[in-house]
Amino acid sequence: MLIRSGKVQFLFWTAFFAVMLYLWLITIGVQTFVLPDEMPLEMPQNVVTLMFILYGLFIVIVLAGTVISAMIDNKFYRNFFGTMIIIGLVSVLAAKGMFG
């Protein structure tokens, strides 16, 4: 049985939850703003608040993973979290571009 250190386990679970949060964000955004039966007249405040909270958690988790991977010099997770930061920011910019 292969036993990993606690830091690498932390990076794995941080990466797992970062991906799950991002998929949750994309799913909510697509279901609410791209694929509704009819466009809402005003913005659904509860969905916007949930997405704001999820983006906050996503950024905190990704930045924590980036800092820990840089501290233990793990190239794979450093590249992974750097890519997740870029993907998260690009999705925010794309949403801002589509919805103003």
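Bear in mind the structure is a predicted one, so any value in this text is a computation, not a measurement. (Residues numbered from 1 in each chain as written. Predicted model: local features only at pLDDT ≥ 70, side-chain atom pairs only at ≥ 80, totals over all residues. Heavy atoms only, no water.)

Enquirer: I tried to follow the overall build of the protein on my own but got confused; where do I start?
Expert: If you tally the helices and strands in the protein, you get three helices and zero strands. Counting helices and strands in the order they occur from the N terminus, the protein gives α-α-α. Relative to a compact globule of 100 residues, whose C-alpha radius of gyration would be 13 Å, the protein shows 16 Å and is clearly more extended. Dimensions of the protein along its principal axes, counting C-alpha atoms only, are 55 × 25 × 20 Å. Taking all 100 residues of the protein together, the buried fraction comes to 26%. When contacts within the protein are restricted to residue pairs at least 6 apart in sequence, those whose partners lie at least 24 apart make up 68%. Taken as a whole, the protein presents about 7200 Å² of accessible surface, with 73% of it coming from carbon and sulfur. When the 5 basic and 4 acidic side-chain charges of the protein are each reduced to a single mean position, those positions are 29 Å apart. (Helix = DSSP H or I, 4+ residues; strand = E, 2+ residues; numbered from the N terminus. Rg over C-alpha atoms; globule rule 2.2 N^0.38 Å. Buried < 20%, exposed > 50% of the residue type's maximum accessible area, 1.4 Å probe, protein only. Contact = heavy atoms within 4.5 Å. Areas by Shrake-Rupley, 256 points an atom, 1.4 Å probe, with all protein chains shown as cover. Lys, Arg positive; Asp, Glu negative; His and termini not counted. Charge placed at Lys NZ, Arg CZ, Asp CG, Glu CD.)

Enquirer: Mind showing me how you'd approach the pattern of salt bridges here?
Expert: If the charged atoms of two oppositely charged side chains come close together, the side chains can form a pair. Scanning the entire structure with this criterion turns up one salt bridge. Measuring nitrogen to oxygen at the nearest pair gives 3.0 Å for the salt bridge that ties Asp73 to Arg78. Judged by its relative accessible area of 58%, Asp73 falls in the exposed class. Here Arg78 falls in the partly exposed class, since its relative accessible area comes to 31%. (Salt bridge = Lys/Arg side-chain N within 4 Å of Asp/Glu carboxyl O.)

Enquirer: Before we go on, may I ask you to explain the side chain of Thr32 in this structure?
Expert: Its place among the elements puts Thr32 in helix H1 (residues 6–34). One polar contact links the side chain of Thr32 to the main-chain carbonyl oxygen of Ile28, over a distance of 2.9 Å. If near-sequence neighbours (up to four positions away) are discounted, Thr32 is found in contact with Pro44 and Val47. (Polar contact = N/O pair within 3.5 Å; in protein donor to acceptor, adjacent residues only side chain to side chain.)

Enquirer: Before we go on, may I ask you to explain a nonpolar patch on the surface in this structure?
Expert: On the surface, a cluster of nonpolar side chains totalling about 590 Å² of accessible area is made up of Phe12, Trp13, Phe16, Phe17, Met20 and Leu23. Checked against the element boundaries, Met20 lands in helix H1. Taking the relative accessible area as the measure of exposure, Met20 reaches 37% and is therefore partly exposed. (Patch = residues over 30% accessible without salt bridge, like charges linked within 9 Å, V, L, I, M, F, W, Y side chains within 5 Å.)

Enquirer: Explain the environment of Phe58 here, please?
Expert: Along the chain, Phe58 turns up in helix H2 (residues 45–71). On the basis of relative accessibility, which here comes to 0%, the residue Phe58 falls in the buried class. Those residues within four positions of Phe58 in sequence are excluded, and the remaining contacts are Ala18, Leu21, Tyr22, Leu25, Met84 and Gly88.

Enquirer: How do you make sense of the nonpolar core when you look at a structure like this?
Expert: Inside soluble globular proteins, nonpolar side chains tend to come together where they are buried. Membership of the largest hydrophobic core comes to 17 residues, with the highest contact counts inside it found for Leu25, Met51, Phe58, Val62, Phe81 and Met84. The leading source of residues in this core is H1, at eight residues. Discounting chain neighbours no more than four positions away, the residues touching Phe81 are Leu11, Thr14, Ala15, Val62, Gly65, Thr66 and Ser69. (Core = buried A, V, L, I, M, F, W, Y, C linked by side-chain atoms within 4.5 Å.)

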